[in-house]
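Coordinate inspection notes
Below, each chain spelled out in residue letters.
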Amino acid sequence: MKYAIISDLHANLEALEAVLADMQPHAEAVICLGDIVGYNANPNECLELVQKVCDVVIAGNHDQAASDLRLYDDFSEYAKDAMHWTREQLTPAWKQYLYNLPSTAIFGGCWLAAHGSPRDTDEYLFHEFHFQEAFAYLYDYMPEMRGCFIGHTHVPMIWECTPEGVVAPAEVTSLTVPLHPRRRYIINPGSVGQPRYGSPAASYVLLDDRALTVEFRFVTYDVATAQDKIYDAMLPLPLAERLALGQ
Ligand code: ZN
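Scope of this entry: the structure provided in the associated data block. (Residues numbered from 1 in each chain as written. Predicted model: local features only at pLDDT ≥ 70, side-chain atom pairs only at ≥ 80, totals over all residues. Heavy atoms only, no water.)

**Quick notes on the overall build of the chain**
When helices and strands are tallied, the chain shows eight helices and twelve strands. The C-alpha radius of gyration of the chain comes to 17 Å, within 12% of the 18 Å expected for a compact globule of 247 residues. Relative to its 247 residues, the chain shows a buried fraction of 57%. Of all intrachain contacts in the chain linking residues separated by at least 6 positions in sequence, the fraction that spans at least 24 positions is 74%. Total accessible area on the chain stands at roughly 10500 Å², and carbon and sulfur atoms take up 51% of it. (Helix = DSSP H or I, 4+ residues; strand = E, 2+ residues; numbered from the N terminus. Rg over C-alpha atoms; globule rule 2.2 N^0.38 Å. Buried < 20%, exposed > 50% of the residue type's maximum accessible area, 1.4 Å probe, protein only. Contact = heavy atoms within 4.5 Å. Areas by Shrake-Rupley, 256 points an atom, 1.4 Å probe, with all protein chains shown as cover.)

Here you go:
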């Protein structure tokens, strides 16, 4: 089975449409790791598309903030402004949809979908010690999982853990990364709607669970239109500027 795994759409309709068009010839199922809303200007439209095309959807911290499940006092100033705006825009039905989303899900029998980390929607995994803890959690509580897909940092990454417990970034020599059958993985597809790896292209991954490969895909989209919508909605200007920088 070929799964497309997307994360951190953040109400960016132009990016989401481009990513869905790109995956269309490849993906047999679509998994969404959350943060459907927040930051950009099309929350209701993105929710509509996600509900239509995704087979598995979990909540991100922005989704939980938008549906009263989480306080967002700790959000950055611009994220907070965008969240006030988002909460005004969302229809009651979409708020209810977000409220009902699970915080994790298992797909394909042995792959975990999570937003921040396997144990916490709002935990950031950036560095080696973060991944060591996350792999230890997986071994202790979900030993049957071969891998976990996470979002939240908006930075594409793939880390592996050997049967001896050695944790390191996986060796990446091309955009398609072979997965070792005896190793475990934590994989971040990056963000559809607000990339933060220094390029404006939206990113996602394709998992082939038969061939055991993960392919990172980078998709250019109409950034200018997404920016114009941010200006029209009077959302904070830096949220538009960062889209062009991939920051
Ligand atoms: Zn996010």
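**Comments concerning unusual backbone geometry**
Even without a glycine there, the phi angle at Ala11 is positive, about 60 degrees. Non-glycine residue Leu212 carries a positive phi angle of around 55 degrees. Along the chain, Leu212 turns up in the loop between strand S11 (202-208) and strand S12 (213-219). Since its relative accessible area comes to 12%, Leu212 is described here as buried.

**Some remarks on the pattern of salt bridges**
Evaluation of the coordinates by the stated rule reveals eight salt bridges. Across the salt bridge formed by Glu14 and Lys229, the nearest N and O atoms sit 2.5 Å from each other. Of this pair, Glu14 sits in helix H1 (residues 13-23) while Lys229 is found in helix H7 (residues 223-232), placing the two residues 215 residues apart along the sequence. Overall, Lys229 belongs to the partly exposed group, its relative accessible area being 25%. Each of Asp22, Glu215 and Arg217 takes part in one network of salt bridges that share partners. (Salt bridge = Lys/Arg side-chain N within 4 Å of Asp/Glu carboxyl O.)

**A short note on helix H6 (residues 128-141)**
Count 3.6 residues to each turn of an α-helix, and residues three or four apart come out pointing the same way. The terminal C-alpha atoms of H6 lie 20 Å apart, and with 14 residues this matches the ideal 20 Å at 1.5 Å per residue to within 8%. Along H6, the residues classified as buried are His130, Phe131, Ala134, Phe135 and Leu138. Taken end-on, H6 shows its buried residues confined to a sector of 125 degrees, consistent with a single buried face. Residues of H6 that are buried in the fold lie against strand S5 (111-114), strand S6 (147-149), strand S7 (157-161), strand S8 (167-169) and strand S10 (184-188). (Expected span 1.5 Å × (residues − 1). Arc of directions from axis to C-beta.)

**So, the coordination of the zinc ion**
Protein-derived ligands of the zinc ion are Asp8 (OD), His10 (NE2), Asp35 (OD) and His154 (NE2), with the metal-ligand distances lying across 2.0 to 2.3 Å. Considering all four donor atoms around the zinc ion, the spread of angles at the metal, 86 to 176 degrees, places the coordination shape in the irregular class. (Donors = N, O, S within 2.8 Å, 3.2 Å for Na, K, Ca; no water. Tetrahedral: all angles 85-135°; square planar, octahedral: opposite > 155°, others 65-115°.)

**Some thoughts on helix H8 (residues 237-245)**
What H8 keeps buried is the set Leu239, Ala240 and Leu243. Buried residues in H8, looked at end-on, bunch into an arc of 100 degrees, giving them a common side. Next to the buried residues of H8 lie helix H4 (77-89) and H7.

**So, the packing of helix H2 (residues 43-53) against helix H5 (residues 92-99)**
Between two packed helices, the angle of one axis relative to the other and the distance separating the axes together describe the packing. Their axes nearest at 11 Å, the elements H2 and H5 cross at an angle of 55 degrees. With respect to H5, the axis of H2 lies oblique. The crossing of H2 and H5 is left-handed. Contacts between H2 and H5 involve Asn44, Leu47, Glu48, Val50 and Gln51 from the former and Trp94, Tyr97 and Leu98 from the latter. A breakdown of the residues in the contact of H2 with H5 according to their chemical character gives five nonpolar, two polar and one charged. (Axes fitted to C-alpha atoms, helices over the stretch in contact; angles between N-to-C directions. Parallel < 35°, antiparallel > 145°, perpendicular 65-115°, else oblique. Left-handed = near helix turned anticlockwise from the far one by under 90°. Nonpolar A, V, L, I, M, F, W, Y, C, P; charged D, E, K, R; others polar.)

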